[in-house]
Structures are given as C-alpha cells and as structure tokens.
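Chains, contacts and geometry: an overview
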Amino acid sequence: MRDITKPAPEGNRLGWEDVGGLIDVRNAIKEIIELPSKFPNIFAKCPLRLRSNVLLYGPPGCGKTHVVGAAASAASLRFISIKGPELLNKYIGASEQAVRDIFSKAAAAAPCLLFFDEFDSIAPKRGHDNTGVTDRVVNQFLTELDGVEALTGVFVFAATSRPDLLDAALLRPGRLDRLLFCDFPSLQDRLDILTVLSRKLPLEGGVDLAALAYMTDGFSGADLQALLSDAELAAIQELLDSTDTGNLGKSPVITNDLLKYVASQARPSVSETEKR
Ligand code: ATP
C-alpha cells in the first residue's frame, strides 16, 4: 500500500515569501507555531493549554493548503499532509486504524505539522452514514485530538471549504479550536498575490500589476495563478506563431497588453451567486 503520509518532496518547499495577502492568518499561525519554539521557557511556565490545533476554512482556492505548506517549511517542521478522500479510499475498511497510525507517525516525527486537507470528507457530522465508516473515523479523531496535548511538538491543522459539514464535536475547546478564515483576497491582497506569483515569470519591465489586481475583483488566489499561467502560455504561443524564424531563439515575454487581454477573458471560478 502506498504511504500517503510521505513528507512533501524537497523541491516543493514553500516559504512565507510565496504567500500573498492572508496577513491575519499568517500572523496567527506564526504566533501558534513559532513563538513556543522561540521562547520555550516562557511557554513552559504557562499553566493553560494553548489553542494550537487549527481549522482553516474558506472558499476554494483561497490559499488554505498553500499557507499551511509555507508555515511548515518556514518553521522547519516536518510536514505530514493527508487528503481526506485519499485516506478513506486507500484504507477501505481500516480507516480508524489509519487515523491511529497517522497520529503515531506524527508523534514519532515531532516536531511536525500534521495537516488534514479536505477535512469535511473524513469528519462529517455523525449519524448520517449508513455504513458507519465515517462515524468511526470521527470518533477516532476525537480520541486522537484529545490525546494530542501529550504529543509535544505536533501541530494539528485541518482545512475545509465546507465547515458547516463538520461534526461539531471536533471544534470544541481542546480539539480543533483555533478557527482561521481564508477569504477571497481584497484589492491589496490580489496585488500582493500577483506580485508573489509572478516573481519568476518573464514579465516585461513596467507591467502594471496594480491594474491587473483592479480587474480581478472576486478572483481567488488559485484564479490569479491560473490567469498568470494562461498569460505565460499565450506569450509562448505568440512566439511560436511568429513567422520570423529568428524569433525561435528568443525567450517569451509577458507584456502588459497580453496580461490585460488574458485578464479581460478570465472569469472567477466561484460566481457571485455561489458566494451568497
Ligand atoms: P481548496 O479549498 O480547493 O483545497 P485552497 O484554499 O486550499 O483550496 P490552495 O490549494 O491553497 O487553495 O491554492 C491553490 C493555488 O493558488 C496555490 O497552489 C497557489 O498557487 C495559489 N494561491 C492561493 N492563494 C494564494 C496566496 N494567498 N498566495 C499565493 N498563492 C496563492
């Protein structure tokens, strides 16, 4: 059976510099992860349990998974990332055991960040599943989360775009009790995200990313990423279409006009009606 808890490959390492916007979310995560390791003596004297298990929620493509990956590598934590549906499919009939194994593995890998993506698929409200599988998985999660306090150096994070589907017991104090909202990016956040995502792209000097941010109201971070990929592809296509064979030795350049054209054709993936 393939090991779904493998850490992300080295080449995919992100850092805080790869995240645009989401200032409050970033600050909250830094406070949760970085402060206890920077000031262990102060935190050791703190008698109250800190709320360090996090649920990130918000619309699709708004950076939940991205920010967690960046947080783990910025803090040099081992990163164990599990996609909810993958856990159910890979361990048919043994999902509770899989949950137990994942938490043991996280304890052995500490300091580490254990991340459950698409959490609603494995932790929905109990009492609605005829097979009883997800009910047993949720019960196992409750047991493990109650024991996580004893696992020093394990941060448990989960993400969902449908927090309304989750079993409420998982969100009680002591469990996933720190809720962080990743919303659609504001104008300033879109400019920040476009700046971050276009750092390595062959942009023409003086490209107006602020105008692009203005044109992309309602776009998620993933939509902005898709827009820049489309612009890059269009620049390559433009070069290939050129009849001047001398151009083939040149590198593609994303011009301001090209960006504006691609943006004028693009639509946000979540419509205004779906947002309501
Ligand atoms: P889903 O709910 O569908 O899982 P998500 O909120 O987890 O979505 P991500 O997978 O984190 O969204 O985002 C998809 C891609 O969009 C990222 O890989 C990244 O390229 C880009 N992206 C999204 N938000 C940001 C951001 N704030 N800064 C930089 N890139 C972003």
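This report concerns the structure included in the present document. All values reported here derive from a predicted model rather than from experimental measurement.

**Describing the overall build of the chain**
If you tally the helices and strands in the chain, you get 11 helices and 5 strands. Of all 276 residues assigned to the chain, the portion counted as buried reaches 43%. Of the contacts formed within the chain by residues at least 6 apart in sequence, a portion of 79% connects residues at least 24 apart.

**Things to note about the pattern of salt bridges**
Tallying each qualifying case throughout the model produces 9 salt bridges. Between arginine 190 and aspartate 217 there is a salt bridge; the shortest N-O distance is 3.8 Å. Of this pair, arginine 190 sits in helix 7 (residues 187-197) while aspartate 217 sits in the loop between helix 8 (209-215) and helix 9 (221-241); the two residues are 27 residues apart in sequence, bridging distant segments of the chain. On the accessibility criterion, arginine 190 (3% relative accessible area) is buried. According to the relative accessible area criterion, aspartate 217 is exposed, its value standing at 59%.

**Let's talk about the nonpolar core**
If you look at soluble globular proteins, the nonpolar side chains tend to sit buried side by side. Counting residues in each nonpolar core, the largest one holds 30 residues, and the members touching the most others are Phe103, Leu114, Phe116, Phe119 and Phe141. Elements supplying a minimum of two residues to this core: strand 2 (78-83), helix 4 (84-90), helix 5 (95-109), strand 3 (112-117), helix 6 (133-147) and strand 4 (154-160). With 6 residues, helix 5 is the largest single contributor of residues to this core. Grouped together as the second largest cluster of nonpolar side chains are 24 residues, Leu56, Val67, Val68 and Leu113 included.

**Re the packing of helix 9 against helix 10 (residues 256-265)**
In helix packing, the relevant descriptors are the interaxial angle and the interaxial distance, both defined with respect to the helix axes. Two elements in contact, helix 9 and helix 10, have axes whose closest approach is 9 Å; the angle formed by their N-to-C orientations is 125°. Overall, the two elements helix 9 and helix 10 adopt an arrangement that is oblique. For the element pair helix 9 and helix 10, the recorded crossing hand is right-handed. Each of Leu227, Leu228, Asp230, Ala231, Ala234, Ala235 and Glu238 in helix 9 lies in contact with helix 10, whose residues at this interface are Leu258, Leu259, Val262 and Ala263. Among the residues forming the contact of helix 9 with helix 10, the class breakdown is 9 nonpolar, no polar and 2 charged.

**A closer look at the packing of helix 5 against helix 6**
Packing of helix 5 against helix 6 leaves a shortest axis separation of 8 Å and a crossing angle of 25°. Relative to helix 6, the element helix 5 is oriented roughly parallel. Crossing of helix 5 over helix 6 shows right-handed handedness. Contact residues: Ser95, Glu96, Val99, Arg100 and Phe103 in helix 5; Val133, Arg136, Val137, Gln140, Phe141, Glu144 and Leu145 in helix 6.

**Quick word on the packing of aromatic side chains**
Taken as a whole and judged by the stated rule, the model has 7 aromatic pairs. With 4.9 Å between their ring centres and 85° between their planes, phenylalanine 116 and phenylalanine 141 make a pair best called edge-to-face. Of the two residues, phenylalanine 116 sits in strand 3 while phenylalanine 141 sits in helix 6, which places them 25 residues apart along the sequence. With relative accessibility at 1%, the residue phenylalanine 116 sits in the buried group. Within the aromatic cluster, the residues linked to one another by ring pairs are Phe103, Phe116, Phe119 and Phe141. Just above the ring of tryptophan 16 sits the side chain of lysine 30; from NZ or CZ to the centre is 5.3 Å.

**Description of the site of the ligand**
Of all residues adjacent to the ligand, which total 18 residues, the nearest are Gly20, Gly61, Lys64, Thr65 and His66. Here a nitrogen atom of the ligand sits 2.7 Å away from a polar atom, N or O, in the main chain of glycine 20. At 3.3 Å from an oxygen atom of the ligand is found a main-chain nitrogen or oxygen belonging to alanine 222. About the coverage of the ligand: the protein hides 79% of its 630 Å² of free accessible area. Per-class residue counts for the shell around the ligand are 8 nonpolar, 8 polar and 2 charged.

**Things to note about the sheet that holds strand 3**
The strand order 2-3-4-1-5 describes an open sheet built from 5 strands, whose pairing is parallel. At either end of the open sheet lies a strand with only one pairing partner, and these are strand 2 and strand 5 (178-181). Strand after strand, the sheet turns through a mean of 20° between neighbouring axes, direction not considered. As defined by bridge partners, strand 3 adjoins strand 4 across 5 bridges and the pair is classed as parallel.

Scoring rules and cut-offs
Residue indices follow the written sequence of each chain, beginning from 1 at its first position. Note on the predicted model: pLDDT of at least 70 is required for a residue's local features to be given, and 80 or more for side-chain atom pairs to be given and counted; whole-chain, interface and lining totals, by contrast, use all residues. With hydrogens and water excluded, all non-hydrogen atoms of the structure serve as input to the side-chain values. Only DSSP runs of H or I covering at least 4 residues are called helices, and only runs of E covering at least 2 are called strands; the numbering of each starts at the N terminus. Burial status follows relative accessibility: with a 1.4 Å probe on protein chains alone, a residue under 20% of its type maximum counts as buried, one over 50% as exposed, and anything between as partly exposed. Every residue pair with non-hydrogen atoms within 4.5 Å of one another is taken to be in contact. One speaks of a salt bridge when a side-chain nitrogen belonging to Lys or Arg is within 4 Å of a carboxyl oxygen belonging to Asp or Glu. What makes a nonpolar core is a set of buried Ala, Val, Leu, Ile, Met, Phe, Trp, Tyr and Cys residues whose side-chain atoms join them at distances within 4.5 Å. In this analysis, axes come from line fits to C-alpha atoms, helices being fitted only over the stretch in contact, and the angle between any two N-to-C directions falls in the range 0 to 180 degrees. Between 65 and 115 degrees an angle is taken as roughly perpendicular, under 35 as roughly parallel, over 145 as roughly antiparallel, and anywhere else as oblique. By convention the crossing between two helices is left-handed if the near helix lies anticlockwise of the far one by an angle smaller than a right angle, and right-handed if it lies clockwise. In the scheme used here, Gly and all other residues not listed as nonpolar or charged are polar, with Ala, Val, Leu, Ile, Met, Phe, Trp, Tyr, Cys and Pro taken as nonpolar and Asp, Glu, Lys and Arg as charged. Side-chain rings of Phe, Tyr and Trp (the six-membered ring for Trp) are treated as a pair once their centres are within 6.5 Å; stacked means planes under 30 degrees apart, edge-to-face means over 60, and tilted covers the remaining angles. Placement of a positive charge over a ring is assigned whenever Lys NZ or Arg CZ falls within 6 Å of the ring centre and within 35 degrees of the normal to the ring plane. When at least one non-hydrogen atom of a residue lies within 4 Å of a molecule or strand, that residue is treated as near it. We define a polar contact as two N or O atoms separated by no more than 3.5 Å, with the added condition that, inside protein, one atom must be a possible hydrogen donor and the other a possible acceptor, whereas residues neighbouring each other in sequence contribute only through side-chain atom pairs. Per-residue and other accessible areas follow the Shrake-Rupley method at a 1.4 Å probe size, with only the shown protein chains counted as cover for residues. At least two bridges found by DSSP between two strands is the condition for calling them paired.

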